[in-house]
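Structural overview for review
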2 protein chains.
Amino acid sequence: MGERGDWAAMRERRMAEPGAAEAYDAARLAFELGRAVRELRERRGWSQAQLAKESRMTQSAVARFEAGGTVPTLPVLERLAASLNVSLSVRFEPRDAAA
Amino acid sequence: MGERGDWAAMRERRMAEPGAAEAYDAARLAFELGRAVRELRERRGWSQAQLAKESRMTQSAVARFEAGGTVPTLPVLERLAASLNVSLSVRFEPRDAAA
DNA sequence: GGCCGTTATAGCATTGCTGCTATGACATGG
DNA sequence: CCATGTCATAGCAGCAATGCTATAACGGCC
């Protein structure tokens, strides 16, 4: 039933769910955050395993996250941000405001 | 010692956990996001029930969220943002950068 | 008093993210 | 070829957030 594996397919499906504009947004957000973390990590020359250790998680969790396999939770994002020495910003902004 | 209810106490406990700086951050983030949503909602003159309906959740979920009872997930934040006609911003920023 | 609208909480089922181990694929260097 | 390092993925246990109903507590208002 669940097709619990295959993150890419899972994400595709999530993005394709009818009338799930916000679910789509969440999936895209997950994807972009994954990419951002990968960039920050590679800029530091760290392996996934190193980042995982710093963030108190496992290499597989980092890989899953970077691939956008799941929509991350705020605690995880906080841990990653702390390890990468950046700050996590989560807030609501006016729709027209530039980033 | 379950005390599964009583969100305030739960949050206090989470923030007091030894060596859980990021968990603390997540709890504080939850609290601030809850306040932000409450402000946006009241500015529109909406009841929790109205916002809940727009965001496809129940009034109790909105109340729990506004009280900072749990650390919200990104899909929920996206739905609330969409209903309140604001955009959700989640990103990593340099530590010293001003908001 | 009763009635209604709103918010706060309780208690539970479901969902789905995380944590983990193990393993596969793929390079690179010996 | 073999060893090592890195990243990707499967599969599952555990658990926290969500989704839900029902209800209590606090108003106003008639």
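What counts as what
- Residues numbered from 1 in each chain as written.
- Chains lettered and ligands numbered in written order.
- Predicted model: local features only at pLDDT ≥ 70, side-chain atom pairs only at ≥ 80, totals over all residues.
- Heavy atoms only, no water.
- Near = heavy atom within 4 Å.
- Polar contact = N/O pair within 3.5 Å; in protein donor to acceptor, adjacent residues only side chain to side chain.
- Helix = DSSP H or I, 4+ residues; strand = E, 2+ residues; numbered from the N terminus.
- Nonpolar A, V, L, I, M, F, W, Y, C, P; charged D, E, K, R; others polar.
- UniProt positions renumbered as here; feature names shortened; annotations may be inferred.
- Least-squares fit on C-alpha atoms with pLDDT ≥ 70 in both.
- Contact = heavy atoms within 4.5 Å.
- Buried area = accessible area lost by both parts, 1.4 Å probe.
- Salt bridge = Lys/Arg side-chain N within 4 Å of Asp/Glu carboxyl O.

The full set close to DNA strand D counts 21 residues, and Asp 6 and Gln 48 of chain A together with Thr 70, Thr 73 and Arg 79 of chain B are the nearest of them. Counting only the atoms of DNA strand D that lie within 4 Å of the protein, the sugar and phosphate share comes to 56%. Arg 79 of chain B is positioned with one of its side-chain polar atoms (N or O) 2.6 Å from a phosphate oxygen of DNA strand D. At the level of secondary structure, the elements contributing two or more residues to the surface near DNA strand D comprise helix H2 (21–43) and helix H4 (59–66) of chain A together with helix H4 (59–66) and helix H5 (74–83) of chain B. Per-element tally for the surface near DNA strand D: the top contributor is H4 of chain A, with three residues. Residue classes in the surface near DNA strand D are distributed as six nonpolar, nine polar and six charged.

Below, the discussion takes up the protein's contact with DNA strand C. The environment of DNA strand C is made up of 22 residues, and the closest members are Arg 64, Thr 70, Thr 73 and Arg 79 of chain A together with Gln 48 of chain B. Among the atoms of DNA strand C lying within 4 Å of the protein, the sugar-phosphate backbone contributes 55%. Arg 64 of chain A is positioned such that a nitrogen or oxygen atom in its side chain is 2.7 Å from a base nitrogen of DNA strand C. Within the side chain of Gln 59 of chain B, one N or O atom sits 3.0 Å away from a base nitrogen of DNA strand C. Of all the elements in the fold, those that place two or more residues in the surface near DNA strand C are H4 and helix H5 (74–83) of chain A together with helix H2 (21–43) and H4 of chain B. Ranked by residues supplied to the surface near DNA strand C, first place goes to H4 of chain B with three residues. Taken together, the residues of the surface near DNA strand C sort by class into six nonpolar, nine polar and seven charged.

Once that is clear, we can look at the UniProt feature "domain: HTH cro/C1-type" (unreviewed entry) in chain A. When the UniProt feature table is mapped onto this chain, "domain: HTH cro/C1-type" (unreviewed entry) is found at residues 37–91 of chain A. Secondary structure within residues 37–91 of chain A divides into 58% helix and 11% strand; the distance between the first and last C-alpha atoms comes to 19 Å.

Let us look at the relation of the copies chain A and chain B. For the match of chain A to chain B, the screw axis carries a shift of 0.0 Å, the RMSD comes to 0.1 Å, and the turn is 179 degrees. Within this description, the copies of the chain are treated as partners about a two-fold rotation axis. Looking at the rotation axis and the C-alpha trace of chain A, the residue lying nearest is Val 90 of chain A, at 2.3 Å.

It is worth spelling out the interface of chain A and chain B at this point. Each partner contributes residues to the interface: chain A has 31 residues there, and chain B has 31 residues. Between chain A and chain B, the buried area comes to about 3,100 Å², and carbon and sulfur atoms account for 62% of it. Applying the counting criterion to the chain A and chain B interface returns two salt bridges. For Glu 93 of chain B, the salt bridge is made with Arg 91 of chain A, and the minimal N-O distance between the two is 3.2 Å. Counting every contact that joins chain A to chain B gives 10 residue pairs in polar contact (both at pLDDT 80 or more).

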